[in-house]
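# Reading the structure
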Amino acid sequence: MNQSKTDRMKELVKLLNNAARVYYQGQDEIMPNYEYDKLYDELEALEAETGIVMSASPTVRVGYETISELPKEPHIVPMLSLDKTKEVEELVSWIGGEKGLLSLKLDGLSIILTYEDGVLTKALTRGNGEIGEVITNNAKTFVNIPGRISFKGQLVIRGEALILYSDFEELNAGTEIHEKYKNPRNLCSGSVRQLNNEVTAARRIHFYAYNIIQTDRAEAFTKKSGEMAWLSELGFDVAPFKEVGASDLADKVADFSEEVKSCDLPSDGLVLTFDDIAYSRSLGRTAKFPKDSIAFKWKDELADTTLREIEWSASRTGLINPVAIFDPVELEGTTVTRASVHNISILRELKLGLGDQISVYKANMIIPQIYENKTKSDSCEIPGSCPVCGGKTEIVQENGSCVLMCANPSCYAKKIKSLSHFVSRDAMNIDGLSEATLEKFVNLGILHSVTDLFYLDRHRDVLVEMEGFGEKSFQNLLAAIEQAKKVPASNVLYSLGIKGIGLSTAKLIMQKYPYELNRLRELTEEDLIEIDGIGEVLAASFVEYFQKEENQAAVEELNNLLDIRYPSAAAAEQPLSGKTFVITGSLNHFVNRNECKEKIESLGGKVAGSVSSKTAYLVNNNITSSSSKNKKAKELSIPIITEEQLLELFHS
């Protein structure tokens, strides 16, 4: 197969999805309709020719669902970790006279994919190596995996799910994520294991294959490099690798160590494996490690410096993060002067104090971190007042760590961050309002709350004279604000900045309770917990927000100012209201499960991915099947119905 065709397909998927994203956000189109249609037709033709369909392709749609918990399943063979070294000389000794492949050791979450008859049928996390968690529906939202491949036999592969550095920076700087994550791996791990795969989709997960676990391909492979080439032909991205021998191994390690500095793939080292598959298999394994591969961990470049200051950085939620400021040092080719300390627990663990002699490094050669505090004066004072507003601070427990919070609800930092969140793309989507611009408006005294944004027309004289602004900018801003008034209810709910309530959660709430915005205060914690994916913490956060009078007043005003689009007729008035369905097996009356799912949801019902006590009906045309879903339904005394019976319910 021509590799250029799969590359072109990936390029088309990216182009078309980007054009659709911009279009549906109401922004200026980046390509005319005829151009979009032309590229779409080209993609369809290539998919038909190659038999490969990427999971993110606009020619297919992946349905979103929320489940109650991730089921578990044993792996077909143990998924072992690797033995490790930090010495290049040990790698040279290990490879001996054999040829090998040296690849990036990607820093994400190990995933095992199973394809049957050319279709992705199962995805598991590594778990404990013996048993993994089933994340099939989440994996179908990964940006770059094929949902269908040309090979029609069985194929089980292992690879790494990860979030690119560029995507991580955008997500972490934006508002889709409630609190900042320490690194891409932490965010990826939580995103892959979401109970709601719409959240997974929003996190832009990529998958890079690096091993074939099992296949019934008629022609056996003799070389690992051949396996990687075949996977690439099938449409998979593979972990970047170089063919090596003992004579050039050190040079190739050096090449990788230089390339990783500008690489968008999170990596924490390299993996060396034998190219000869028969030789690899003859080596066997220990109780912990396979003998055909070894991991090389980057030997962190350390630099000694002096801690000069702890800077306290406030967020819109009131979280105040400590940041270490130190004398400039050179690390991995760049000058570094600061490193996040993340929270109070880490600050105390390091026993930091001004003037301490510390060692710093770049984690994975990218992120500055403190490695060691040699002085340990433990004299750093935790501020009793917010560095921004002067309000009282308090230390609270959050996710097992101590964090510093500003207790002042009117904190200036909270105000700026809250305004920035309110106007962001996934919230009200008001163009032309950067955080710097918002800060200027606040300092001018014309912006005190989010509702003031809709009265900026009263301040024309002030704004057109503002440096960097002007009449055209003023008119563009008014137009953007006017356009933003026509907004889905879920976006408005998300824009309020309620702790823990992301856009996907806001959609779930509005679908279940399509009330006018000012009526959401009527919801109780019990009401919210009825929604799959919302637990006690989120429910309490939601109710607490609406109990505050100032929040009620702001919501009331927004309700009057905005042209809010609510979900169609309340589910309570529809025939499938309150009923949860699970669909399995082949369908006769619908093109696919997504079409069936959309019909059920349009009539007030809900579709889940697994059978539970909350399931009202399991839809399966093969009622006598011995499938796991049928067995579970029978155990729970849940009716198993055919499509014909489902169609009857539509009109009941």
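So, here is what we can say about the structure in this document.

Cut-off values and rules
- Residues numbered from 1 in each chain as written.
- Predicted model: local features only at pLDDT ≥ 70, side-chain atom pairs only at ≥ 80, totals over all residues.
- Heavy atoms only, no water.
- Buried < 20%, exposed > 50% of the residue type's maximum accessible area, 1.4 Å probe, protein only.
- Helix = DSSP H or I, 4+ residues; strand = E, 2+ residues; numbered from the N terminus.
- Pairing = 2+ DSSP bridges.
- Contact = heavy atoms within 4.5 Å.
- Axes fitted to C-alpha atoms, helices over the stretch in contact; angles between N-to-C directions.
- Parallel < 35°, antiparallel > 145°, perpendicular 65-115°, else oblique.
- Nonpolar A, V, L, I, M, F, W, Y, C, P; charged D, E, K, R; others polar.
- Salt bridge = Lys/Arg side-chain N within 4 Å of Asp/Glu carboxyl O.

Now for the pairing of strand S15 (residues 319-331). Burial runs high along S15: ten of the 13 residues are buried. Note: strand S14 (residues 303-314) against S15, seven bridges, orientation antiparallel. The residue of S15 that forms the bridge with Ile 310 is Ala 324. Sheet topology note: the S15/strand S20 (residues 401-406) ladder contains two bridges and is antiparallel. The partner of Leu 319 across the bridge, within S20, is Met 405. Relative to strand S16 (residues 334-340), S15 runs antiparallel, the two being bridged by six bridges. Within S16, the residue paired with Leu 331 across the bridge is Thr 334.

What follows deals with the environment of Leu 155. The topology assignment puts Leu 155 in strand S9 (residues 155-162). Among the residues examined, Leu 155 registers a relative accessible area of 0% and is labelled buried. Along the backbone, Leu 155 and Val 119 are 36 residues apart, and their C-alpha atoms lie at a distance of 9.7 Å. Excluding anything up to four places from it in sequence, Leu 155 contacts Leu 113, Thr 114, Tyr 115, Ile 149, Ile 212, Gln 214, Thr 215, Trp 230, Leu 231, Leu 234 and Phe 236.

With that settled, consider helix H8 (residues 224-233). Counting buried positions along H8 gives seven out of ten residues, so the element sits mostly inside the fold. For H8, every residue scored as buried is listed here: Lys 224, Ser 225, Glu 227, Met 228, Trp 230, Leu 231 and Ser 232. The first or second residue beyond H8 is Gly 235, which carries a positive phi of 110°.

On to the side chain of Asn 559. With respect to the secondary-structure elements, Asn 559 resides in helix H20 (residues 549-561). Dropping the residues within four chain positions of it, Asn 559 is found in contact with Glu 516, Leu 517, Asn 518, Ile 564 and Tyr 566.

Right, let's get into the sheet that holds strand S26 (residues 640-641). The strand order across the open sheet built from four strands is S24-S23-S25-S26, with neighbouring strands paired in parallel fashion. Bordering the open sheet on either side are strand S24 (606-608) and S26, each of which pairs with just one other strand.

The subject of this paragraph is unusual backbone geometry. Backbone geometry places Asp 117, a non-glycine residue, at a positive phi of 55°. By secondary structure assignment, the location of Asp 117 is in the loop between strand S5 (109-116) and strand S6 (119-125). The backbone of Arg 204 sits at a positive phi, close to 60°, despite the residue not being glycine. Structurally, Arg 204 can be placed in the loop between helix H7 (197-202) and strand S10 (206-215).

Let us now look at the sheet that holds strand S12 (residues 267-274). With mixed pairing, five strands are arranged side by side in an open sheet as S3-S13-S12-S4-S11. Of all the strands in the sheet, the pair left with one neighbour each is strand S3 (84-85) and strand S11 (241-244). Two elements, S3 and strand S13 (residues 293-297), share two bridges in a ladder whose sense is parallel. From the neighbouring strand, Thr 85 faces S13, where its bridge partner is Phe 296. Of the strands in this sheet, strand S4 (100-106), S11 and S12 are in contact with H8, which crosses S4 at around 50°.

The N-to-C vectors of helix H19 (residues 536-547) and H20 enclose an angle of 85°; their axes lie 5 Å apart at closest approach. Considered as vectors, H19 and H20 are oriented roughly perpendicular to each other. On H20, the residues touching Tyr 545, Phe 546 and Gln 547 of H19 are Glu 549, Asn 551, Gln 552 and Val 555. Broken down by class, the residue content of the contact of H19 with H20 amounts to three nonpolar, three polar and one charged.

Further remarks concern the pattern of salt bridges. Counted by the stated rule, this structure contains 23 salt bridges. Residue Asp 248 pairs with Lys 252 through a salt bridge whose shortest N-O separation is 3.2 Å.

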